[in-house]
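Structural overview for review
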Amino acid sequence: MADKEITIVRAGRVAVSCSWTASQNIKSGSCDNTVSQVVDLFFTAKYSSPGHGNLQVQADDAVWFMDSNGEPQPVKGEAFGSQEAFQFLLTCLRATESTKNRIARLIIPLQKGTIVRSDIVSLRLKDAFAVDEVVSFSTPLQSFAGAPLRMDAASLLELFRASAGGILLQHVATGGELVTAKPSVPPAFEADFEEKMSLPWITPGPPAAARQRLVVVGCSAREPSSGGWMAYVFGAARALGIDLVLVEKPGGWFERPEFASSYEALLPADPSWWSNPPGDDVADRLVGLVRAYGRRVDGIVAFLEPFLATVSRAARELGLPCQPAESYAVATDKYRLGVSEGRQAFCGSTAEEALAFARDRNLAYPLILKPRLGLNSEGVVRVDDVTGIRPAVELIQKTFFKSFTMERYCEGPEVDVNVVLLDGEILFCEIADDFPKPGDCGGGDGVTNSKGTSAAQRNFLETYIVYPSALPSAELTMLRDSISATIRRLGFSSGIMHVEARVDRSSVEYRRPARGGIPDLAPRGSGGGGGKAEAEAEAAVASASASASEQQQQQQQQPPAPWVLEINPRPPGLTASRIIESVYGIDYFGVALALALDDKPRARALARPFRGGGAQHTGVMALVRADYDEDACEGVFDSDDICEELLARRPDLARHVNRYGCLAKRGQKIPHPSSGANTFIAYFNVFSKSRREALEIAAEVKKEVRYSFR
């Protein structure tokens, strides 16, 4: 069939030809994946005036379609079905005017039903090959007819109205001024499109009769613009069509006018609830607060560890979906978790108790001390001899968490294991390498001996987290199986579990490559090379790998085993959920909200990774921590957006960064590490098909970051 074509004029200026093939293009998918019809639009700039004197220069968003008689007909935004669709066309036209030709793709679902979340097209395709921009046209809970369009009869407006979203591809230069050949869709994009849209993104049947309402107990301390995870909760709820009701103590960032549209209501709670753990009566008081609201509630959830067991008790009383409160109580208590794993652990609240336990049990050093109920690695300290115990306890006492646990320090490589569980079935599991930290070697800068630095400097702030893990496949399988068994043994059947663990007696360790650069996992005893240290983690891993206790050397004859550090029954913290989107295509917070409402079809669909289940590329989350001389300044951040500055200054690095964020604002007081608080000021998510290249770029990014304190 011949192509269909229409001439479009924007703002009374350049005329653009838009053509598309009249033949069907069906992406069949596989298994239960949603079948779709795709329409590729080919835009070409024309260099002759339409010749109509009444087409004067108009507003930038004024659009005319030339009819079959060559007469201009004005087109309004509502004719496209949504403002998002109309704005997408304008973006395509502007891009064509500057580059002469462009290709865009519209995607039409051929499954009758409801879109799983309104932004699913942009969520899955924004990092696809050769994509310039991707826009979702859908509204939350929108229904689609599922019938293919007759391409020989459909108009451009009908194509847009039937589409769930559009993708504008990057311009490919042709080398000449005049465009004579029709451009083609890159094969690499076609492959990426198939892989990334392989999920059931339309759920059969009509949408729910009414929007669901979810109570969220406790917000992130950081506001959304500073990296707070509530930004991801708000975004997921908006796309899923969920109305949020917040329970929080008054006076927080969420009361500012710019956040008013993000939730339905705020139920003010007594500040006394924010103890760790909350009092025994808080669950009953929470039940009373929700009932007094007087509107139907479909679920209640918390993402702060201190509230998890309390909210579970309240949910059971309210008849809402929940997991056992005792499961949360054990999982979030690092002492009880260690004991449940069969390890020799101690808990206390004074240095004298810790010293007596170490002496009486003749514990072998190094040891690890950490708050029983902690978060963000605050107050976690490794001690290499008896002299380190008292300073470690003093540091913990500076935090919000006073009671601590103490046990043997595991030298093995650390990993983050994230598991999505539904009715006991593992829907998704991924493992990332959590690179060694200053605390792993005892020195705040990774070089000095632990006796020359304070406990606060020997922190366990993340340096690099690399997706996916480079552990041997046997160790990855061991981690997945054993940690999943632990989660089930604790009593969990559904939820997102963020597990931090080490591999005891691993067959690999961190070593610097022979040609230098940032250390990475390599077989034990494989040797290493020279090279200048590039970052704090580089020196840390070199020092950490060189030290091994006599007891651990004797254990090397035994097989690798999991050493679970903590289980957080919630999505991963910091900004880690963002990198999972680009590497695997999953938004953990969207899955978490669906699970909180017991919406199993949507939870199952949203937990579907890109086709094949593997990582699309290596992703490195490079974290920048606050660091300043406490004697020389008061700790006030004195820079603007350090991420934007770096990416503008180094476009070569910017090409490999797909997510980033400056987490501090000029004039903000940043706590010093000596306070016991851990504060990041920026993050960069670096990507590459090569793990080595991704690590080298991430190290260069951190090296190039510029900021100041006053």
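Scroll up a little and you will see the structure.
Procedures and definitions
- Residues numbered from 1 in each chain as written.
- Predicted model: local features only at pLDDT ≥ 70, side-chain atom pairs only at ≥ 80, totals over all residues.
- Heavy atoms only, no water.
- Helix = DSSP H or I, 4+ residues; strand = E, 2+ residues; numbered from the N terminus.
- Buried < 20%, exposed > 50% of the residue type's maximum accessible area, 1.4 Å probe, protein only.
- Contact = heavy atoms within 4.5 Å.
- Polar contact = N/O pair within 3.5 Å; in protein donor to acceptor, adjacent residues only side chain to side chain.
- Core = buried A, V, L, I, M, F, W, Y, C linked by side-chain atoms within 4.5 Å.
- Pairing = 2+ DSSP bridges.
- Axes fitted to C-alpha atoms, helices over the stretch in contact; angles between N-to-C directions.
- Phe/Tyr/Trp six-rings, centres within 6.5 Å; stacked < 30°, edge-to-face > 60°.
- Lys NZ or Arg CZ within 6 Å of the ring centre and 35° of its normal.

Considerations on the environment of Gln170
- On the secondary structure map, Gln170 appears in the loop between strand E11 (165-169) and helix H4 (187-196).
- Residue Gln170 is classed as partly exposed on the basis of its relative accessible area of 45%.
- Distance in space between the C-alpha atoms of Gln170 and Arg102 is 7.4 Å, their sequence separation being 68 residues.
- With near-sequence residues (within four places) excluded, Gln170 lies in contact with Arg102, Ala130, Val131 and Asp132.
- Polar side-chain contacts of Gln170 include one of 3.4 Å to the backbone oxygen of Val131.

Considering the nonpolar core
- Grouped together as the largest cluster of nonpolar side chains are 161 residues, with contacts concentrated most on Trp201 and Phe684.
- No other element matches helix H17 (residues 588-596), which puts eight residues into this core.
- Apart from the residues within four sequence positions on either side, Phe684 is in contact with Val620, Met621, Ala622, Val624, Cys643, Leu646, Leu647, Val657, Arg659, Tyr660, Val701 and Val705.
- In terms of nonpolar packing, the next biggest core, distinct from the first, is built from 34 residues, Phe80, Phe86, Leu106 and Phe160 among them.

Side note on helix H5 (residues 230-240)
- Counted residue by residue, H5 has eight buried out of 11 residues, so it is predominantly covered.
- Those residues of H5 that sit buried are Met230, Tyr232, Val233, Phe234, Ala236, Ala237, Ala239 and Leu240.
- Buried residues along H5 sit against strand E13 (212-217), strand E14 (242-248), helix H16 (576-584), H17 and helix H18 (600-606).
- Of the residues flanking the end of H5, it is Gly241, one or two places downstream, whose phi is positive at about 75 degrees.

Quick word on the sheet that holds E13
- Spatially, four strands are ordered E15-E14-E13-E16 in an open sheet, and the strand pairing comes out parallel. Every other strand in the sheet has two partners, leaving strand E15 (265-268) and strand E16 (299-301) as the edge strands with one partner each. The average undirected angle you get between the axes of adjacent strands in this sheet is 25 degrees.
- Sheet topology note: the E13/E16 ladder contains three bridges and is parallel. Counted as the bridge partner of Leu214 is Gly299 from E16.
- Here H5 sits on the sheet in contact with E13 and E14, set at roughly 150 degrees to E14.

Some thoughts on the packing of aromatic side chains
- Considering all chains together, one arrives at 25 aromatic pairs under this definition.
- Residues Trp274 and Phe307 carry aromatic rings whose centres are separated by 5.0 Å and whose planes lie at 75 degrees to one another, so their mutual orientation is edge-to-face. Separated by 33 residues along the polypeptide, Trp274 in the loop between E15 and helix H6 (282-293) and Phe307 in helix H7 (residues 305-318) bring together distant segments of the chain. Judged on exposure class, the residue Trp274 and its partner Phe307 are both buried.
- Taking 5.6 Å as the distance between ring centres and 75 degrees as the angle between the ring planes, the aromatic pair formed by Phe637 and Phe709 counts as edge-to-face. Remark: Phe709 occurs in the segment after helix H21 (691-704) and Phe637 occurs in the loop between strand E28 (618-625) and helix H19 (642-649); sequence separation between them is 72 residues.
- Since its relative accessible area comes to 0%, Phe637 is described here as buried.
- Its end group placed over the ring of Trp563, Arg343 keeps NZ or CZ at 4.4 Å from the ring centre.

Shape descriptors only; they carry no functional weight alone.
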